[in-house]
Amino acid sequence: MTPTEPATRPAAAQAAARPPLPVKMVIAGGFGVGKTTAVGSISEIEPLTTEAAITEVAAGVDDLSHTPRKTTTTVAMDFGCITIDPTLKLYLFGTPGQERFGFMWDDLVEGAIGGLVIVDTRRLDDCYAAVDYFEHKQIPFAVAVNAFDGHVEHTMEEVRWALDVNDRVPVVVFDARERGSVRDALLVVLEQALARTEG
Amino acid sequence: MADGRTPSSAGEDGTPPPGPDPVGHVHAVRPFLVTAGRVAPSANGKTMPVETQVVATAEGLAGLDRLSFEQHDIVAACRRPQSIAEIAARLRLHLNVVRILSEDLRAAGQLTVHVPDSGVIHDASVLRRVIDGLRAIPDSRGVLRDTD
């Protein structure tokens, strides 16, 4: 029945180490809403920053562009990771939520298990692009209102109304500086993702 | 994470980074000169996801001396599995440069490249493992999350 052969040891240093399965979540939102803080609160490494060159076709929507030419922009992306177990690693990528970074989004979000849109209630409009993006791409996400200094300027109902998000999209209050708070916000997203696989 | 002073470019096993610490230096070479002008991320037309895992092969490590510059640094950085995002950040290279060079190094047998299966998004068992793993993370005061 059960094969009795001893556990075969890997051919040690000969073979390349087996990498963990990587999964990723995207932390989105406008500048300064606490994306990097949230990543840093829960990541097992200091958040790393990488620059990605993106090519955008200036289609005339950008006030500053007068020529419909391709331009290359460099955007910074902060990220961290959490080793779930030796075979599974969660990456958290923080990315600017501006619409003009659309190319970056596709590049980054493809294959993400979920997204968290961080919102500063004093600047709600900064997060519209991210909300629209996740809805359009049908990526499970939640809206997390960052409680700067422990308070929020609007009620959750007001936030929900202002963002015009679907009733099924969870809106939570969290504190990007608190590991447990970030963890719980990510869990809300993951529960959404899990519910979709079952529904 | 408490001290936060570990140089990010050092290998996880404590080995010093190859060459001088690149932190704070400006790129002396335009990124796409490094890739001989290539900007297309991969051979099969699909962009290599940022979380793609890359590992040096024994052959790659044995032949480190014969590699130069970025190729050398990438193979040296991948003694342990790394995502291409980590490689880009630690070596201060553009993501697309890492994508292109990783593909080259894979074709030459110096790296293995593990592109994640996109179906994992819909895999409930993987999602449950991530959920359980996150639940086990204590909050800042070391208290486990209450089950609701």
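Residues numbered from 1 in each chain as written. Chains lettered and ligands numbered in written order. Predicted model: local features only at pLDDT ≥ 70, side-chain atom pairs only at ≥ 80, totals over all residues.

### Here we look at the overall build of chain A
Alright, step 1. Counting its regular elements, chain A contains 5 helices and 7 strands.
Alright, step 2. Overall, chain A shows an N-to-C arrangement of helices and strands of β-α-β-β-β-α-β-α-β-α-β-α. (Helix = DSSP H or I, 4+ residues; strand = E, 2+ residues; numbered from the N terminus.)

### Description of the overall build of chain B
Alright, step 1. A tally of helices and strands in chain B yields 6 helices and 3 strands.
Alright, step 2. Reading chain B from its N end, one meets helices and strands in the order α-β-α-α-β-α-α-β-α.
Alright, step 3. Relative to its 148 residues, chain B shows a buried fraction of 34%.
Alright, step 4. Sequence-distant contacts, at least 24 apart, represent 64% of the contacts inside chain B between residues at least 6 apart. (Buried ≥ 20, exposed ≤ 12 C-beta atoms within 10 Å, placed from the backbone. Contact = placed C-beta atoms within 7 Å.)

### Observations concerning the packing of helix α4 (residues 84-91) of chain B against helix α5 (residues 95-107) of chain B
Residues and elements named next belong to chain B.
Alright, step 1. With their axes 9 Å apart at the nearest point, α4 and α5 run at an angle of 115 degrees to one another. Relative to α5, α4 is oriented so that their crossing is right-handed. In contact with Ile84, Ala85, Ile87 and Ala88 of α4, α5 contributes Leu95, Val98, Arg99 and Ser102.
Alright, step 2. For the contact of α4 with α5, the residue count by class is 6 nonpolar, 1 polar and 1 charged. (Axes fitted to C-alpha atoms, helices over the stretch in contact; angles between N-to-C directions. Left-handed = near helix turned anticlockwise from the far one by under 90°. Nonpolar A, V, L, I, M, F, W, Y, C, P; charged D, E, K, R; others polar.)

### Concerning the sheet that holds strand β2 (residues 82-83) of chain B
Residue and element names in this part refer to chain B.
Alright, step 1. The strand order β2-β1-β3 describes an open sheet built from 3 strands, whose pairing is antiparallel. Looking at which strands have only one partner, the edges of the open sheet turn out to be β2 and β3 (111-114).
Alright, step 2. Sheet analysis places strand β1 (residues 53-56) next to β3, joined by 4 bridges and oriented antiparallel. Within β3, the residue paired with Val54 across the bridge is Val113. (Pairing = 2+ DSSP bridges.)

### Details of the interface of chain A and chain B
A common measure of how large an interface is: the accessible area buried when the components associate.
Alright, step 1. At the junction of the two partners, chain A supplies 42 residues and chain B supplies 44 residues.
Alright, step 2. Broken down by element, the side of chain A that touches chain B gets its largest block of residues, 11 residues, from helix α5 (residues 179-198) of chain A.
Alright, step 3. Residue classes in the side of chain A that touches chain B are distributed as 25 nonpolar, 6 polar and 11 charged.

### What about the confidence of the model for chain A?
All names here are of chain A.
Alright, step 1. Chain-level statistics for chain A give a pLDDT mean of 81 and a share of 75% at 70 or above.
Alright, step 2. Counting contacts from residues 1-15, a segment whose pLDDT is below 50, to residues more than four positions away or on other chains yields 3 contacts.
Alright, step 3. Scored below 50 in pLDDT, residues 58-63 makes 8 contacts in the model with residues more than four places away or belonging to other chains. (pLDDT = per-residue confidence, 0-100.)

### Some words on the pairing of β1(B)
Residues and elements named next belong to chain B.
Alright, step 1. Of the two faces of β1, both are covered, the one formed by Gln53 and Val55 as well as the one formed by Val54 and Ala56.
Alright, step 2. Strand direction decides the pairing type here: β1 and β2, joined by 2 bridges, are antiparallel. Opposite Val54, over in β2, you have Gln82 as the bridge partner.

### Quick notes on unusual backbone geometry
Residues and elements named next belong to chain B.
Alright, step 1. A positive phi angle is found at Phe69, which is not glycine, with a value near 45 degrees.
Alright, step 2. On the secondary structure map, Phe69 appears in helix α3 (residues 69-77).
Alright, step 3. Note on Phe69: 11 C-beta atoms within 10 Å, which makes it exposed.
Alright, step 4. Unusually for a residue other than glycine, Arg92 sits at a positive phi of about 55 degrees.
Alright, step 5. Counting through the fold element by element, Arg92 comes out in the loop between α4 and α5.
Alright, step 6. Take Arg92: there are 19 C-beta atoms within 10 Å of it, and that puts it in the partly exposed class.

### Notes on α4(B)
Residues and elements named next belong to chain B.
Alright, step 1. Most of α4 sits inside the fold, with 8 of its 8 residues counted as buried.
Alright, step 2. Taken as a whole, α4 has its buried residues at Ile84, Ala85, Glu86, Ile87, Ala88, Ala89, Arg90 and Leu91.
Alright, step 3. With its phi angle positive at about 55 degrees, Arg92 sits one or two positions after the end of α4.

### A few points about the packing of helix α1 (residues 35-42) of chain A against α5(A)
Residues and elements named next belong to chain A.
Alright, step 1. Between α1 and α5, whose axes approach to 8 Å, the crossing angle comes to 100 degrees. The orientation of α1 with respect to α5, classified from their angle, is roughly perpendicular. Residues Ala38, Ser41 and Ile42 of α1 lie in contact with α5, whose contacting residues are Arg179, Val182 and Arg183.
Alright, step 2. Of the residues that constitute the contact of α1 with α5, the class distribution is 3 nonpolar, 1 polar and 2 charged. (Parallel < 35°, antiparallel > 145°, perpendicular 65-115°, else oblique.)

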